[in-house]
Amino acid sequence: MTSTEIYTTSAVDSDPPPQTRSKTSLFCPDCGHESAVTGDWTAEATENSLELRCPECDAVVQQR
């Protein structure tokens, strides 16, 4: 047996718009701060890597 789902056009009109965030955005896991990779993150060079830290709470967001 096959079921058919019927949607009215008003249901499609009420769908939320697609996300407009850039694919190059980073998010702080601790405080939720959001910025582009080249944004306001604090860069700290260590002996073997580069750490990007959140400018608001100083959490490590990315380590390269």
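This text gives an overview of the structure that appears in the document. (Residues numbered from 1 in each chain as written. Predicted model: local features only at pLDDT ≥ 70, side-chain atom pairs only at ≥ 80, totals over all residues. Heavy atoms only, no water.)

Moving on, we come to the pairing of strand S4 (residues 50-53). Note: strand S3 (residues 42-45) against S4, four bridges, orientation antiparallel. Bridged to Ala43 within S4 is Leu52. Counting the residues in the hairpin turn of S3 and S4 gives four residues. Both S4 and strand S5 (residues 60-63) contribute to a ladder of three bridges, which runs antiparallel. Paired with Glu51 across the strands is Gln63, a residue of S5. With antiparallel pairing between neighbouring strands as the criterion, S4 and S5 make up a hairpin whose turn holds six residues, including Asp58 at a positive phi of roughly 65 degrees. (Pairing = 2+ DSSP bridges. Helix = DSSP H or I, 4+ residues; strand = E, 2+ residues; numbered from the N terminus.)

With that out of the way, let us pick up the nonpolar core. Nonpolar side chains in soluble globular proteins tend to be buried together. One finds Leu26, Cys28, Trp41, Leu52, Cys54, Ala59 and Val61 forming the largest nonpolar core, which totals seven residues. Apart from the residues within four sequence positions on either side, Cys54 is in contact with Cys28, Cys31, His33, Trp41, Ala59 and Val61. (Core = buried A, V, L, I, M, F, W, Y, C linked by side-chain atoms within 4.5 Å. Buried < 20%, exposed > 50% of the residue type's maximum accessible area, 1.4 Å probe, protein only. Contact = heavy atoms within 4.5 Å.)

Spatially, three strands are ordered S3-S4-S5 in an open sheet, and the strand pairing comes out antiparallel. In this open sheet, the two strands that pair with only one neighbour each are S3 and S5. Neighbouring strand axes in the sheet, compared pairwise and without regard to direction, differ in orientation by 25 degrees on average. (Axes fitted to C-alpha atoms, helices over the stretch in contact; angles between N-to-C directions.)

Let us now look at unusual backbone geometry. Phi at Asp58 is positive, roughly 65 degrees, even though this residue is not glycine. Assignment of secondary structure puts Asp58 in the loop between S4 and S5. Classification of Asp58 as partly exposed rests on a relative accessible area of 44%.

For Glu51, the location among the structural elements is in strand S4. Remark: the alpha-carbon pair of Glu51 and Gln63, spanning twelve residues in sequence, is separated by 4.4 Å. Excluding residues that lie within four positions of it along the chain, Glu51 makes contacts with Thr42, Ala43, Glu44, Thr46, Val60, Gln62 and Gln63. A distance of 3.2 Å separates the side chain of Glu51 from the side chain of Arg53, its partner in a polar contact. Looking at Glu51, its side chain comes within polar contact range of the side chain of Gln63, at 3.4 Å. (Polar contact = N/O pair within 3.5 Å; in protein donor to acceptor, adjacent residues only side chain to side chain.)

What is shown is where atoms sit, not what they do.
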